[in-house]
Structures are given as structure tokens and as C-alpha cells.
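So you can see what is in the structure, the chains are spelled out below.
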Amino acid sequence: SRGLGDVYKRQVHKGYAFWSLNTDKSAQLLAINIDKPTEVKKIFEGNELAAGIHSLIGSGDYLYFSNSYSEDKNYENWAGYINQLDINTLKTKKLMDMPDDYTVANGKIYYLESNALYCYTIDSDSSVKIADSPENSQLIIRDTDYLYLTNWDNEKVSSDNYKVFVMSTNGTVSYTHLRAH
């Protein structure tokens, strides 16, 4: 459970420090210009039930972040979406519903949904499946050419079978690394 006023995620990108402040009443994305640190700006606020801001990812002139919330008072049904913040204007735009896991590179959102890896092209607002998720893996990091996934789930996978998959952004697994013992 989150405590009152938890700072959940932080990111420095393009001269701004960004952080989310998730409280019992709302979730806020805040920013401060590093060169002129005199004013904290509220960039985004979610007032839905149990709102939370997650996954701050800087890429190019944008910061991407997700906002999740409960759709019912029993906290059984959750929803959310991915937002794009233009660093130059500090304006946000809702892009897509929040998937299981995602990352951003080269103007595209790579995401996992139902054990498959998809690529959402922001400019054309379209998604295509690029590969099945190797061994029900999850995204852990990205660079401009590769996605790094892992099969690690401490409830399902023994640490003896821990793997990291290196996948090109076109969906080809180019390398699998087994955990060193």
C-alpha cells in the first residue's frame, strides 16, 4: 500500500526533473526546470479512485508515463493509459490503454499483452504484433535497437532458470543469456 505523499517514480530528461506524487486523493506528475529551479509545475493530475502514475520514460522530446486507477470500490478492476508529454510545451496527450508492460524507443511503444510483444507506432496510431513473448517474459529495459526481456518471476520461475532475452525491435531474438550461478 502507498503511504500518504509517496514519491513513486523519478526521471530527469531534457533539462527537467520529473516525479510522481501519489496520495490517497490523487496522482500528480510534477516537474521543475533544472536551470531555473524556483517553481514546481503540476504537469498532470489523475483524480480517479486509487490513481497512480508509473513508468516515467524519457525519449526524444517527450516523456512517457502511465496512469492507472481502479474502476470499482472493491479494487478488483483496474484500467489505465499511457500519456505522452511534449517537453517543449509541457502539454500531455493520451496515447493508448495501458498494457501489461511497456517501454518506448524511436517514437514507438513496445508492449507486452497476452504473452505477445507488440509495437505501437505513435505517429500512425497503430499496433502490430512483432513476436510471441519468449517464455512469458517481461520487458526490463531498452535501447535504440534492442529490447531486453526476462523470464524472471519469483513466484513462477526458479532463479536457476533465470534468463535474459535480447530481442531486436523487429522481434528477432538475437541472444539469450542464462543467469550465472
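Quick note: structure is the one above.
Cut-offs used in this document
Residues numbered from 1 in each chain as written. Predicted model: local features only at pLDDT ≥ 70, side-chain atom pairs only at ≥ 80, totals over all residues. Heavy atoms only, no water. Helix = DSSP H or I, 4+ residues; strand = E, 2+ residues; numbered from the N terminus. Buried < 20%, exposed > 50% of the residue type's maximum accessible area, 1.4 Å probe, protein only. Contact = heavy atoms within 4.5 Å. Areas by Shrake-Rupley, 256 points an atom, 1.4 Å probe, with all protein chains shown as cover. Pairing = 2+ DSSP bridges. Salt bridge = Lys/Arg side-chain N within 4 Å of Asp/Glu carboxyl O. Patch = residues over 30% accessible without salt bridge, like charges linked within 9 Å, V, L, I, M, F, W, Y side chains within 5 Å. Axes fitted to C-alpha atoms, helices over the stretch in contact; angles between N-to-C directions. Core = buried A, V, L, I, M, F, W, Y, C linked by side-chain atoms within 4.5 Å. Phe/Tyr/Trp six-rings, centres within 6.5 Å; stacked < 30°, edge-to-face > 60°. Lys NZ or Arg CZ within 6 Å of the ring centre and 35° of its normal.

Before going further, it helps to examine the overall build of the protein. When you go through the protein residue by residue, the secondary structure sums to 0 helices and 16 strands. Among the 181 residues that make up the protein, the fraction classed as buried is 43%. When contacts within the protein are restricted to residue pairs at least 6 apart in sequence, those whose partners lie at least 24 apart make up 31%. Of the accessible surface of the protein, which amounts to about 10300 Å², a share of 44% is contributed by carbon and sulfur atoms.

This part takes up the pairing of strand β6 (residues 62-70). Along β6, 8 of the 9 residues are buried, which leaves the element largely enclosed by surrounding structure. Pairing geometry for strand β5 (residues 52-59) and β6, over 6 bridges, is antiparallel. Paired with S59 across the bridge in β6 is Y62. Where β5 folds back on β6, the antiparallel hairpin that results is connected by 2 residues, among which G60 adopts a positive phi of roughly 65°. Across 9 bridges, the pairing between β6 and strand β7 (residues 78-86) is antiparallel. Bridging across to β7, Y62 finds its partner in D86.

Let us now look at the pattern of salt bridges. Within the structure shown, the criterion is met by 2 salt bridges. Its salt-bridge partner being E45, residue K42 comes within 3.2 Å of it at the nearest N-O pair. For E45, a relative accessible area of 31% corresponds to the partly exposed category.

Where nonpolar side chains cluster on the molecular surface, the patch consists of L49, Y75 and W78 and spans about 310 Å² of accessible area. If you trace the backbone, Y75 turns up in the loop between β6 and β7. Taking relative accessible area as the criterion, Y75 reaches 43% and is therefore assigned partly exposed.

This part is about the sheet that holds β7. Adjacent strands of a sheet form backbone hydrogen bonds with each other and so pair up, either parallel or antiparallel. If you walk across this open sheet you meet the 4 strands as β5-β6-β7-β8, and the pairing is antiparallel. Looking along the sheet, the strands with just one partner apiece sit at the ends: β5 and β8 (91-97). Mean inter-strand twist for the sheet, computed between neighbouring axes without regard to direction, equals 25°. As paired elements, β7 and β8 share 6 bridges and run antiparallel to each other. Among the inter-strand pairings, D86 is bridged to a residue of β8, identified as K91.

As a further point, take the sheet that holds strand β10 (residues 108-113). Read across the sheet, 4 strands follow the order β9-β10-β11-β12 without closing on themselves; strand pairing throughout is antiparallel. Of all the strands in the sheet, the pair left with one neighbour each is β9 (101-105) and β12 (126-132). The sheet shows a mean angle of 25° between the axes of neighbouring strands, direction not considered. Here β10 runs beside strand β11 (residues 116-121); their pairing, made up of 6 bridges, is antiparallel.

The next thing to look at is the side chain of N33. Within the secondary structure layout, N33 lies in strand β3 (residues 27-33). Apart from residues lying up to four places away in sequence, N33 is in contact with G15 and Y16.

Counting 18 residues, the largest nonpolar core has F18, L29, I53, L56, L63, F65 and L85 as its most contacted members. The set of elements that each furnish at least two residues to this core consists of β2 (16-22), β3, β4 (41-46), β5, β6 and β7.

Moving on, we come to the packing of aromatic side chains. This model, assessed by the stated rule, comprises 6 aromatic pairs. Taking the centre distance of 6.2 Å and the plane angle of 50° together, the rings of Y62 and Y64 count as tilted. Taking NZ or CZ as reference, K94 lies 4.5 Å from the ring centre of Y81, over its face.

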